[in-house]
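# Report on the structure
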Amino acid sequence: MALNTEISLVTVENIELALGYDCNVYTLQIERAINQYSAILEGLTGRKLKARNYTNYRIDGNGSQELFFPQYPLNTTTSILIYDENDILYHTVLVAELEEYITFPQIGKMRLPRNIFLRGTQNVVVTANAGIVDAGELAMLENAVLEMIASNPPSEITRASNIKMERLGSYSVTWQTPSSNNFTGFSSNVQNIVNYFSRV
C-alpha cells in the first residue's frame, strides 16, 4: 500500500525522525499506519483536513441564502452553480461575484445576497480548493497522527528502545499508554486536536 498523499498528515521521514522506526525496513507498515490514522482523524472531525481541489463537488441546497461547504477553509473558489429540481441550471455565480458570495471562507460559509440555494439533493455544484493550508494547524494534525501511531503502533514495528520522547517543531511526543475514555481511545491531546478541527 502506498502513502495516500491526498489525506496523509505526516511524512514517512518524519515518522522515522520522531518515532525512531526504520523506514527502510518498515516502509509499507508505516505508510499503512499514516493512511489509517489520517483517515481516522478525518472521520472523527467529520471533514477532509488536508487542502485539495474539488471539481464540480455536489452538495444539497437548503432553501436559504446561506450554505456551508463541508470542507473548509475555502482557499479559492472558481464557480458555484445552482440547479433546480429538474436538474436545469437555475443560477450561476459569476467569477466577479465570488468574493461577495464567500462571506466567511475560514468556515466554508457561502451566502447569496440576492438569491437562495434552492432546496434539493446535490443540486449545488462548487469548484474550489478547500482544506487546511496553515502551517501551524498542519503541525497540530501531524502531532496528532504521531501520537496515535506511537500509542498504537503496527504490530510488525519495533521502535528504537532508546527513544522515549521526541520533539517535532514546537510539539512533542511522549510514549505512554493512551488514556481510556469513551471518545476516541486516544490521548487527551489528540481529543483536543479533534475538537479544535471539528465544526461546531
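Residues numbered from 1 in each chain as written. Predicted model: local features only at pLDDT ≥ 70, side-chain atom pairs only at ≥ 80, totals over all residues. Heavy atoms only, no water.

## Some points on the nonpolar core
Operational definition: To define a nonpolar core, start from buried Ala, Val, Leu, Ile, Met, Phe, Trp, Tyr and Cys residues and group those joined through side-chain atoms within 4.5 Å. Three labels apply to residues, based on accessible area from a 1.4 Å probe with only protein chains included: buried if under 20% of the type maximum, exposed if over 50%, partly exposed otherwise in between. Numbering of helices and strands starts at the N terminus; helices are DSSP runs of H or I of at least 4 residues and strands are runs of E of at least 2. It only takes one pair of heavy atoms within 4.5 Å for two residues to be counted as in contact.
If you look at the biggest cluster of nonpolar residues, it comprises 30 residues, and the most contacted ones within it are Ile15, Leu19, Ile30, Leu41, Leu141 and Ile149. Going through the elements one at a time, helix H1 (12–19), helix H2 (23–45), helix H4 (135–151) and helix H5 (188–197) are the ones with two or more residues in this core. If one sorts the elements of this core by residue count, H4 sits on top with eight residues. Excluding residues that lie within four positions of it along the chain, Ile149 makes contacts with Ile15, Leu19, Tyr21, Ala33, Ile34, Tyr37 and Pro154.

## Topic: the side chain of Ser187
Filter applied, for reference: For the purposes of these results, a polar contact is taken to be a pair of N or O atoms within 3.5 Å, where, inside protein, one atom must be able to donate a hydrogen and its partner to accept one; residues adjacent in sequence count only when each atom of the pair is a side-chain atom.
Structurally, the position occupied by Ser187 is in the loop between strand E8 (171–174) and H5. A distance of 2.6 Å separates the side chain of Ser187 from the side chain of Glu147, its partner in a polar contact.

## What to know about the environment of Glu147
When you line up the elements, Glu147 lands in helix H4. Remark: the alpha-carbon pair of Glu147 and Tyr37, spanning 110 residues in sequence, is separated by 9.8 Å.

Taken by themselves, the reported measurements are silent on function.
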